[in-house]
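Fold and geometry: a report
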Amino acid sequence: MYMKICEILKNVPHSGDSDREIHDIQYDSRKAGKDSLFVCLRGACTDGHAYAPMAYQNGCRAFLCEEKLDLPEDAEQLICGDTRAALATASAEFYGHPADRLTLIGITGSKGKTTTSLLIHAILNAQGKNCAYIGSNGVIMNGKHMETANTTPESHVLHQLFRQMVDEGVLYVVLEVSSQALARHRVDGIRFDTVVFTNLFEDHIGPGEHPDFEDYRRSKARLFTDTFGADFAVYNADDEASAFMLRSFHGSTVSFAMDKEADYRGLDKDIYRSKTSLGVCFRCLNAGICTPVRLMSPGSFSIYNALAAIAVVGHYGVDTASAAEVLAGTPVQGRFEIVEAAANQTFILDYSHNGYALTQALLTLKEYHPNHLICVFGSVGGRTKNRRGELAKAASKYADYSIITSDNPDFEDPESIVQEIAGHMSEGSKFECIPDRQKAILRAVSMAQDGDIILFAGKGHETYQLIRGEKVPFSERELILKACKVPDMAL
């Protein structure tokens, strides 16, 4: 498909003009060619303007930038105030505004985005409503799975995906909307039908992310403004931040809660545990009717996620009983995911990668009275270093034994990260340091006894280790099963 740049940028304020026809838009200089429009994006660590010469060497002659570039005269330069915002507008135009032909459900919050999104995805599809998913666990569309680089992909990738979804008959899309996506214009120009707020905690604050909590909070709240045009919102009535999130929302709302009165309320929480798995049950009260719900994951946070999902699908005509039937058989990859590997021992993969999440995960698991609660965890390299002390504090206080290891060390020395975490462990806490995560996993499996619960925290759904900029294949699930000598039919 070819399109004139002047048509693509007709709704983007800019200087310069071009009748050149291009067949793609790129923001990665390595992929830009002679028929590309290269958009120079400023990132947390790099600046696309610096890579424009590389795009030129690859044959690109059209550039959208925020400042005049030092390029040969045959390079057409179009200058705008914000290339990230421009990329969103231009991409929507290039792909024919496919988002307008989809029913979009956007979910934001500090925790619960992935699980809530995937539960909605499962319920709507079970009801014959063709629904796709985009988020931390990648893209799921008509049974196909694709990986993504970010929780919410860059705007160009989003519109490319929306175009593919429209072409393949998708009707609904449930999309995790991160604070970074909102702050960096990835979802600009998209009109959501429904928006959802799960909860708010301090997270993603530091170099390369949000400068402070207020910026983080404001970014989340953008989803509930007229900018995104949603007519319906679902929110957590138990979270005090809901009032801030909804202060500029003008559509209709539905609430969910466990502690306060709400449209969908969770009551009578109970837990269950088998030889290899565990979960939680509750009753959902809505419009005077109580419906029993059973979930394949533990904790009050699982109930909150389920309530949010039930409230959303209720807006699309799915009754609570039908939703509950689907929830009873729907696990979520990497979110308190049970690996059934050995009788009388419970192995759990979870994405808890900061102090609050790990604290909640360990407190939840203690409710099941394990013989020993063992925690395997680490911390990512190169950013959010303040998490390391928080993680150590949580593990010291609530785990019976910890194994500190690596978790996407990237360009940082894994040994240094592990020792930094160890330096924050409380006096008297029991732990050991094994920087090699594979060896750490094998150690945890080998020491597990009957009645133990072993939490592998931090990586969750990820099937790689990020080492020096490269994603090296790494599957915790596969390693656990092999250590227990159990064949994994899903591999």
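Whatever comes next refers back to the structure up there.
Let me begin by describing the structure that accompanies this report. (Residues numbered from 1 in each chain as written. Predicted model: local features only at pLDDT ≥ 70, side-chain atom pairs only at ≥ 80, totals over all residues. Heavy atoms only, no water.)

1. Quick look at the overall build of the protein chain
- A count of helical and extended segments in the protein chain gives 15 helices and 25 strands.
- Compactness check: the protein chain gives a C-alpha radius of gyration of 24 Å against a globular reference of 23 Å for 491 residues, within 12% of the reference.
- When its C-alpha atoms are laid out on the principal axes, the protein chain stretches across 70 × 55 × 45 Å.
- Residue burial in the protein chain is summarised as follows: out of 491 residues, 58% are buried.
- Summarising the internal contacts of the protein chain: among those between residues at least 6 apart in sequence, 65% fall at separations of at least 24.
- Summed over all atoms, the accessible surface of the protein chain reaches about 20200 Å², with 48% contributed by carbon and sulfur.
- Taken as two groups, the 49 positive and 64 negative side-chain charges of the protein chain have centres that lie 3 Å from each other. (Helix = DSSP H or I, 4+ residues; strand = E, 2+ residues; numbered from the N terminus. Rg over C-alpha atoms; globule rule 2.2 N^0.38 Å. Buried < 20%, exposed > 50% of the residue type's maximum accessible area, 1.4 Å probe, protein only. Contact = heavy atoms within 4.5 Å. Areas by Shrake-Rupley, 256 points an atom, 1.4 Å probe, with all protein chains shown as cover. Lys, Arg positive; Asp, Glu negative; His and termini not counted. Charge placed at Lys NZ, Arg CZ, Asp CG, Glu CD.)

2. Remarks on the pairing of strand β17 (residues 289–295)
- In this sheet, β17 lies alongside strand β16 (residues 278–286) in antiparallel orientation, the contact comprising seven bridges. Note on β17: the bridge partner recorded for Leu285 is Cys290.
- In textbook terms, the turn of a hairpin is the stretch between consecutive antiparallel strands, and for β16 and β17 this stretch comprises two residues, one of which, Ala287, has a positive phi near 55°. (Pairing = 2+ DSSP bridges.)

3. Topic: the packing of aromatic side chains
- Evaluated as defined, the whole model comprises 10 aromatic pairs.
- Relative to Tyr95, the ring of Phe94 lies with its centre 5.0 Å away and its plane at 85°, an arrangement referred to as edge-to-face.
- What makes Phe94 buried here is its relative accessible area of 3%.
- Ring geometry for Phe213 and Tyr216: centres 6.2 Å apart, planes at 55°, overall tilted. Highlighted residues: Phe213 and Tyr216, both in helix α7 (residues 213–221), separated by three residues, approximately one helical turn. (Phe/Tyr/Trp six-rings, centres within 6.5 Å; stacked < 30°, edge-to-face > 60°.)

4. Comments concerning the pattern of salt bridges
- Under the definition given, this model contains 27 salt bridges.
- Across the salt bridge formed by Glu214 and Arg217, the nearest N and O atoms sit 3.0 Å from each other. Of this pair, Glu214 and Arg217 both sit in helix α7, separated by three residues, roughly a single helical turn.
- Its relative accessible area of 31% is what places Glu214 among the partly exposed residues. (Salt bridge = Lys/Arg side-chain N within 4 Å of Asp/Glu carboxyl O.)

5. So, helix α5 (residues 155–167)
- In this model α5 runs 18 Å from its N-terminal to its C-terminal C-alpha over 13 residues, within 8% of the 18 Å that 1.5 Å per residue would give.
- Taken residue by residue, α5 has Ser155, His156, Leu158, His159, Leu161, Phe162, Arg163, Met165 and Val166 as its buried positions. (Expected span 1.5 Å × (residues − 1).)

6. So, the side chain of Asp35
- Looking at the element boundaries, Asp35 is found in the loop between β3 (24–26) and β4 (36–39).
- Asp35 gets classed as buried once you look at its relative accessible area, which sits at 16%.
- Of the polar contacts made by the side chain of Asp35, one reaches the side chain of Tyr2; its length is 3.1 Å. (Polar contact = N/O pair within 3.5 Å; in protein donor to acceptor, adjacent residues only side chain to side chain.)

7. So, the sheet that holds strand β19 (residues 345–350)
- Strand order in this open sheet of six strands is β18-β19-β23-β20-β21-β22, and the pairing throughout is mixed. The open sheet terminates on both sides in strands that have one partner only, identified here as β18 (337–342) and β22 (431–433). Ignoring which end each strand starts from, the neighbouring axes of this sheet average 20° apart.
- Note: strand β21 (residues 401–404) against β22, three bridges, orientation parallel. If you follow Ile403 over to β22, its bridge partner there is Glu432. (Axes fitted to C-alpha atoms, helices over the stretch in contact; angles between N-to-C directions.)

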